[in-house]
Amino acid sequence: FMKTELGKLGAIAFGLGKSFEALKNSAIEFARPAIEGFRELSKTASELNLSISKTSDLVNTARLAGGEFEEVRDWVRGIQDAVIKGEIDDPEVLALEKYNVVIQDSMGNLLDFETTHNRLIEGAIRAAEAGELETYALMTQGEGIHSILPYLKSYVQAKQDANKIR
């Protein structure tokens, strides 16, 4: 009798062990996209010298505004690169001057990514108020950027709507 009962318990334990193993594997597969997403977000945050929280906010804002963060990142970096080169006739540099966008401190150092992005958005708002958002987008998007205009239109509209609520 005891042998058969111990055999049954062993079979139950073996079955439970397999069930727990399957459950563990399912949980790992379920979590894998989130883990990979966090790794990518962490890498991007490190590249931009921002916190993960700030980077997440920028990524989500880009998505909500109908853009891809990679394109927004490339847009901001392209403008920063143009300013670093210091070519006065560069369209990006001309746009910054025209729409009063300052992305350097008093010592000539570039501001951080988030501040630069925010100032570029402020420039887009000024351009939109002057009826020149398309011009601003074309001047600032640089080479290799498909089109920053849909992102800017959506973002500027959301900012203006939010200001109406205040």
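The following refers to the structure shown. (Residues numbered from 1 in each chain as written. Predicted model: local features only at pLDDT ≥ 70, side-chain atom pairs only at ≥ 80, totals over all residues. Heavy atoms only, no water.)

1. What about the environment of A127?
So, point 1. Within the secondary structure, A127 sits in helix α5 (residues 113–129).
So, point 2. Owing to a relative accessible area of 0%, A127 belongs among the buried residues under this scheme.
So, point 3. Contact partners of A127, with chain neighbours within four places excluded, come to Y99, E132, L133 and Y136. (Helix = DSSP H or I, 4+ residues; strand = E, 2+ residues; numbered from the N terminus. Buried < 20%, exposed > 50% of the residue type's maximum accessible area, 1.4 Å probe, protein only. Contact = heavy atoms within 4.5 Å.)

2. Notes on the nonpolar core
So, point 1. By size, the foremost hydrophobic cluster in this structure holds 32 residues, and its most contacted members are W75, L120, Y136, Y151 and L152.
So, point 2. Of all the secondary structure elements, the ones that give two or more residues to this core are α1 (2–48), α2 (52–64), α3 (69–85), α5, α6 (133–141) and α7 (149–165). (Core = buried A, V, L, I, M, F, W, Y, C linked by side-chain atoms within 4.5 Å.)

3. Some remarks on α7
So, point 1. The end-to-end C-alpha distance of α7, which contains 17 residues, comes to 25 Å, matching closely the 24 Å that a straight helix rising 1.5 Å per residue would cover.
So, point 2. Taken together, the buried positions of α7 are L149, Y151, L152, Y155 and V156. The buried residues of α7 occupy an angular sector of 150 degrees when the element is viewed end-on, so they sit on one face. Pointing more than 90 degrees away from the buried face of α7 are the exposed residues K164 and I165.
So, point 3. Contact partners of the buried residues in α7: α2, α3, α5 and α6. (Expected span 1.5 Å × (residues − 1). Arc of directions from axis to C-beta.)

4. Quick word on the pattern of salt bridges
So, point 1. Inspection of every chain in the model, using the stated rule, returns six salt bridges.
So, point 2. Notably, a salt bridge pairs E47 with R77, separated by 3.9 Å at the nearest N-O pair. In this pair, E47 sits in helix α1 while R77 sits in helix α3, placing the two residues 30 residues apart along the sequence.
So, point 3. Since its relative accessible area comes to 28%, R77 is described here as partly exposed.
So, point 4. Of the charged contacts in the structure, one is a salt bridge between E114 and K54, with a shortest N-O distance of 3.6 Å. On the criterion of sequence distance, the pair formed by E114 in helix α5 and K54 in helix α2 is long-range, its members being 60 residues apart.
So, point 5. On the basis of relative accessible area, K54 is assigned to the partly exposed category, the value being 36%. (Salt bridge = Lys/Arg side-chain N within 4 Å of Asp/Glu carboxyl O.)

5. A few points about the packing of aromatic side chains
So, point 1. Tallied over the entire structure, the rule returns three aromatic pairs.
So, point 2. Here the aromatic rings of Y99 and Y136 are separated by 5.2 Å at their centres, their planes lie at 85 degrees, and the arrangement is edge-to-face. One end of the pair, Y99, is in the loop between α4 (91–98) and α5; the other, Y136, is in helix α6, with 37 residues separating them in the sequence. Of the two residues examined, Y99 and Y136, each falls in the buried class. (Phe/Tyr/Trp six-rings, centres within 6.5 Å; stacked < 30°, edge-to-face > 60°.)

Everything listed here is a matter of geometry and, on its own, says nothing about what the molecule does.
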